Amino acid sequence: MPADEPFALVIFGASGDLTKRKLVPALWSLFQGRVLPEPFVAIGVARSAMSHDDFRHRMREAVAEFARVQPPAPHVWDRFASCLYYCPGVTDDPALYERLGALLRQLETDKGTGGNRLFYCATPPSLYPEIVTRLGASRIQRETKGWVRIIIEKPFGRDRASAAELNRVVSGVFAEDQVYRIDHYLGKETVQNILVFRFANGIFEPLWNRNHVNHVQITVAESLGVEARGAYYEEAGALRDMIQNHILQLLCLVAMEPPVSFDADPVRDEKSKVLRAIRPIPPEEVDHVVVRGQYGPGFLDGQRVPGYRSEKGVAPDSATETFAALRLSVDNFRWAGVPFYLRTGKRMPKRASEIAIQFWGTPHLLFRRHDPAERIEPNILVLRIQPDEGIALTFGAKLPGPELNIRPVTMDFRYGASFGGEPPEAYERLLLDAIHGDATLYARADWVDLAWEVLTPVLEAWGAGPAPKFPNYEAGTWGPAEADAFIEDDGRRWRPL
Ligand code: BG6
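As the structure is a prediction and not an experimental result, all values here were calculated from the model.

Reading guide: rules and limits
- Residues numbered from 1 in each chain as written.
- Predicted model: local features only at pLDDT ≥ 70, side-chain atom pairs only at ≥ 80, totals over all residues.
- Heavy atoms only, no water.
- Phe/Tyr/Trp six-rings, centres within 6.5 Å; stacked < 30°, edge-to-face > 60°.
- Helix = DSSP H or I, 4+ residues; strand = E, 2+ residues; numbered from the N terminus.
- Lys NZ or Arg CZ within 6 Å of the ring centre and 35° of its normal.
- Pairing = 2+ DSSP bridges.
- Axes fitted to C-alpha atoms, helices over the stretch in contact; angles between N-to-C directions.
- Contact = heavy atoms within 4.5 Å.
- Core = buried A, V, L, I, M, F, W, Y, C linked by side-chain atoms within 4.5 Å.
- Buried < 20%, exposed > 50% of the residue type's maximum accessible area, 1.4 Å probe, protein only.
- Right-handed = clockwise from strand over helix to strand, strands pointing away.

Brief notes about the packing of aromatic side chains
- As enumerated under the stated definition, the model contains 24 aromatic pairs in all.
- Considering the side-chain rings of W28 and F80, the 5.3 Å spacing of their centres and the 75° angle between planes classify their relative orientation as edge-to-face. Here W28, found in helix 1 (residues 17–32), pairs with F80, found in helix 3 (residues 74–81); they are 52 residues apart in sequence, far enough to count as distant.
- Among the aromatic residues, those joined into a cluster by ring pairs are F7, W28, F31, F40, W77 and F80.
- For R56, the ring lying beneath its charged end belongs to Y85, and the centroid distance is 5.0 Å.
- The side chain of R60 reaches across the aromatic face of W77, ending 5.3 Å from its centre.

This is how it looks when you write it as structure tokens:
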């Protein structure tokens, strides 16, 4: 663990959902688990007029509702709450930064937080450039002798050009090693475990290549719809919301070469190399490589649920995709010829995210007396990201009895059974890493740019083409029929989840 240094966290967007659902609950869990460096202060910034105590009260409710760990005793909460402050203001008002600077200086003296300042952009993304520029223009950024870092929430741009513009603004104020672009998937225990699984075990890595792997499927299925986020989602869609960030990160972790060390730049260098090796999608091929869908009304858990176009904040003729599936090729020595199939969707029958590595079958069928009508299933290694976190390896075994019948069976590791307890939330780990100055689990500027580059032909083709025939799948199903046809054309099937 790096040395614990005191710090001040400033959250822009303190009255928003992220602060109440994730950030303050994560901070609380870290505090409660005695891993948060002290002394610390967290200052919420938002438009609403509120006193420090009002803010503390709100955060008490948020923690009661959303935190993984509840206050064991009121005095522990009181000690935490005494570190929470609030600074009202609008982000384009220079006076806000004056007040914020004064509050920071005062707290640094009173509480001894040492001048280390961590800013968190948790506002609507359209405000990020404003906040960064104003921070740069104020003394806040320059006056302190401590470290200054900034965490930027996703989405990081909405296409390559806007991401580049945001990177330009950010790099005008902060050096790259001060910038932490968050992707909460990287903080998930199961996602962190991908590299441990690959590089801390002798038996898997020798198989991890085109000689043994037939193809890879990455699925992130959600049963939720767009909830109250219709307006945001209309501008995003599944490709921008999930694939450009979370799913491409998963792909990189599966496909990357071992880094020379487990430090921020070596790890991120290898991830960027994977994106560079992805074969560009020719514009005329987009329809063969990508399938999109949008859910109509349907049933989930026996309940009728509305179609996407009837959700709040969504246009009645919306062309936004709530499902996307695509096939990518990683053109390098390790992965030549191994397709990576990615899919994600809202309102799928259940929440389930996994990475399935399907291996080649045996070169020769020894068991001729085995009923040939029953195919011997290929070996599949499944990394279950969530829920039911674990890793399973499927192989063929002889069905007990006088005949030679082979059935697939599974060796199954479950986090819950092996380690017990609830794993920490992704935001806990990520916040702590930013406080400690470790950017390994954060996205670097070049990665974000490359991830947009991979998807640009798709975004452009969709933007220019005719409106899709939506809705094309019922809520509570596994997406449009075209998504099945698309992988079946390659002689493969989506794994049932
Ligand atoms: C967010 C997306 O980044 O990730 C949401 O904006 C999505 O649309 C969420 O629901 C999924 O995260 P998790 O941790 O619930 O899998």
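Now that the structure has been shown, the text picks up again.
Re the sheet that holds strand 12 (residues 323–329)
- Strand order in the open sheet formed by 8 strands is 8-12-13-7-14-15-16-17, with mixed pairing between adjacent strands. Of all strands in the sheet, those with a lone pairing partner are strand 8 (290–293) and strand 17 (406–414), marking the two edges. Sheet twist, expressed as the average angle between the axes of neighbouring strands with direction ignored, equals 15°.
- Across 6 bridges, strand 7 (residues 213–221) lies against strand 13 (residues 339–345) in parallel orientation. Along strand 13, the bridge assignment pairs T219 with R343.
- Here helix 14 (residues 481–488) sits on the sheet and contacts strand 7, strand 8, strand 12 and strand 13; the angle it forms with strand 12, its principal contact strand, is near 15°.

Notes on the nonpolar core
- Judged by nonpolar contacts, the single largest core of 157 residues is most densely connected at Y120, L251, F340, L342 and I355.
- At 13 residues, the largest contribution of residues to this core is made by helix 8 (residues 230–255).
- Setting aside residues up to four positions removed in sequence, L342 forms contacts with I218, I243, I247, L248, L251, A324, A325, L326, L328 and W494.

A short note on the pairing of strand 5 (residues 148–152)
- With respect to burial, strand 5 is a largely interior element, 5 of its 5 residues being buried.
- Burial along strand 5 is two-sided: V148, I150 and I152 and R149 and I151, pointing in opposite directions, are all buried.
- The pairing of strand 4 (residues 117–121) with strand 5 spans 5 bridges and is classified as parallel. In the sheet register, L118 faces strand 5, and the bridge partner there is R149.
- The handedness of the strand 4 to strand 5 crossover, carried by helix 5 (residues 128–137), is right-handed.
- Here 3 bridges tie strand 5 to strand 6 (residues 179–181), and the two strands are oriented parallel to one another. Paired with I152 across the strands is R181, a residue of strand 6.
- After leaving strand 5, the chain enters helix 6 (residues 160–173) and then returns to the sheet as strand 6, a path that is right-handed.

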